[in-house]
Amino acid sequence: MPHIDTETASQPECWQRAAALADSRPAGLPRPGERVAVTGCGTSLFMAQAYAALREGAGLGETDAFPASEFPLGRRYDRVVALTRSGTTTEVLALLARLSGAAPTLAVTADPHTPVATAADHLVVLDFADERSVVQTRFATTALTFLRATLGLHTARVEADARRALAEVIDPGLLECGQFTFLGQGWSVGLAHEAALKMREAARAWTESYPAMEYRHGPISIAAPDTVTWSLGPAPEGLADDVAATGARWIGGGTLDPLAELVRVQRLAAALATSRGLDPDEPRNLTRSVVLADD
């Protein structure tokens, strides 16, 4: 069994542990009213986007998300949160070094025995969610669950929804589709981007992702009978009918928590990879961490 299957299946338990850790209020967490920036690369960036939308939407303070390589150093923030599974990503470490003394920093990582442990002012360790697969699943969702729980926005229902997603039988018809588009609104836009990335990484699938309302403004032109449009969370009124008119397959969210909906996509990505004879744990051209050589 690929590692990604085992790691995906462990997410409800990981989320429960992350929520308990959040209840202990580790040092360095953003405080209500602070202006906060959240950063990461790849999957971690998409989790940063989701958390930023959740925090600002909860009225706890202006919250922005940026790729570590594109962080606007000219802006003032009261605190910066960095997400990095490996703790070795070059762009994240370089940013934390540049922020030293300018703003308090908090890093959320799976491995405390890496350079990020000394690069950040405060550290949250989710080592129980570390992974053997190159493709991230449980660390990303556990990091987001931890941050979501610090906002008081995580409940046991999310874990129950994840268990429902894990128990579902994957529709074999989805393995025959040629293109997948993922949509979100608010905090689930970041989840939609992550869903698309999982399908590309694990299965080399043709995928795209958009804020749901933006889908009508051009991207819907690729919808056809062999494509899938998948909403992570409730969709805007009328969008399902618009997609149905194209002949494309529509998968509407809203029954499951959007994070549990992402679990459904993770499972599909692994299954699609296997059906194509690919190793979902070791995608081509990818490594666990992007570490750039010094010039």
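Because the structure is a prediction, the values reported are computed rather than measured.

Asks: Even after reading the chapter, I still don't get the overall build of the chain, so can you show me in this structure?
Replies: Secondary structure assignment for the chain yields ten helices and nine strands. Against the compact-globule benchmark of 19 Å for 295 residues, the chain has a radius of gyration of 19 Å, which places it among compact chains. Taken along the three principal axes of its C-alpha coordinates, the chain extends 55 × 40 × 40 Å. Looking at the chain as a whole, 54% of its 295 residues qualify as buried. Within the chain, contacts between residues separated by at least 24 positions form 72% of all contacts whose residues are at least 6 apart in sequence.

Asks: Looking at this model, I keep getting lost on the side chain of Arg55. Mind explaining?
Replies: Its location among the elements puts Arg55 in helix α3 (residues 43–57). The contacts of Arg55, once residues within four sequence positions are left out, are Pro30, Arg31, Pro32, Gly33, Glu34, Val36, Leu60, Gly61, Glu62, Thr63 and Leu151.

Asks: Just checking my understanding: could you explain the sheet that holds strand β7 (residues 207–211) for this structure?
Replies: Within a sheet, adjacent strands bond to each other through the backbone by hydrogen bonds, running parallel or antiparallel. One open sheet accounts for four strands, arranged β7-β6-β8-β9; its pairing is parallel. Whereas interior strands pair on both sides, the edge strands pair on one side only; in this sheet they are β7 and β9 (249–251). Across the sheet, the mean angle separating the axes of adjacent strands is 20 degrees when strand polarity is ignored. With five bridges connecting them, strand β6 (residues 179–184) and β7 associate as parallel partners. Residue pairing for β7: Phe182 is matched across the bridge by Ser209. Its contacts with the sheet place helix α9 (residues 239–246) against β6, β8 (227–231) and β9, and it is angled at close to 155 degrees to β9.

Asks: How should I be thinking about the pairing of strand β2 (residues 63–67) in this particular structure?
Replies: Two elements, strand β1 (residues 36–40) and β2, share five bridges in a ladder whose sense is parallel. Looking at the pairing, Gly40 lines up with Pro67 of β2. Chirality of the crossover, the property in question, places the unit of β1, α3 and β2 among those that are right-handed.

Asks: What's the story with the environment of Ala149 in this structure? I'm lost.
Replies: In this structure, Ala149 sits in helix α6 (residues 138–150). In the structure, Ala149 is positioned 54 residues away from Ala203 in sequence and 31 Å away in space, judged by C-alpha atoms. Residues in contact with Ala149, not counting those within four places in the same chain, are Ala19, Ala22 and His154.

Asks: What is the right way to look at the pairing of β6 in this model?
Replies: Remark: a regular strand shows side chains that alternate across the two faces of the sheet. Across the six residues of β6, six count as buried, placing the element largely inside the fold. The alternating pattern of β6 places Gln179, Thr181 and Leu183 on one face and Phe180, Phe182 and Gly184 on the opposite face, and all of these are buried. Note: β6 against β8, five bridges, orientation parallel. Bridged to Phe182 within β8 is Trp230. Taken together, β6, helix α8 (residues 188–203) and β7 form a β-α-β motif whose crossover is right-handed.

Conventions and cut-offs
- Residue numbers restart at each chain and count upward from 1, following the sequence in its written direction.
- Predicted model: local features are reported for residues with pLDDT of at least 70 only, side-chain atom pairs are reported and counted for 80 or more only, and whole-chain, interface and lining totals are derived from all residues.
- Note that water and hydrogens are dropped before the side-chain values are worked out from all heavy atoms of the structure.
- Strands are runs of DSSP state E lasting at least two residues, helices are runs of H or I lasting at least four, and both sets are numbered from the N terminus onward.
- What the globule rule says is 2.2 Å times the number of residues to the power 0.38, and the radius of gyration is computed from C-alpha atoms.
- Think of it in three bands: residues with accessible area under 20% of the maximum for their type are buried, residues over 50% are exposed, and the middle band is partly exposed, with areas taken using a 1.4 Å probe on protein chains only.
- We call two residues contacting when some pair of their heavy atoms lies within 4.5 Å.
- If DSSP finds at least two bridges between two strands, the strands pair.
- Inter-axis angles, ranging from 0 to 180 degrees, are taken between N-to-C directions of lines fitted to C-alpha atoms, where helices are fitted over the stretch in contact.
- If the strands point away from the viewer and the path from the first strand over the helix to the second runs clockwise, then the crossover is right-handed.

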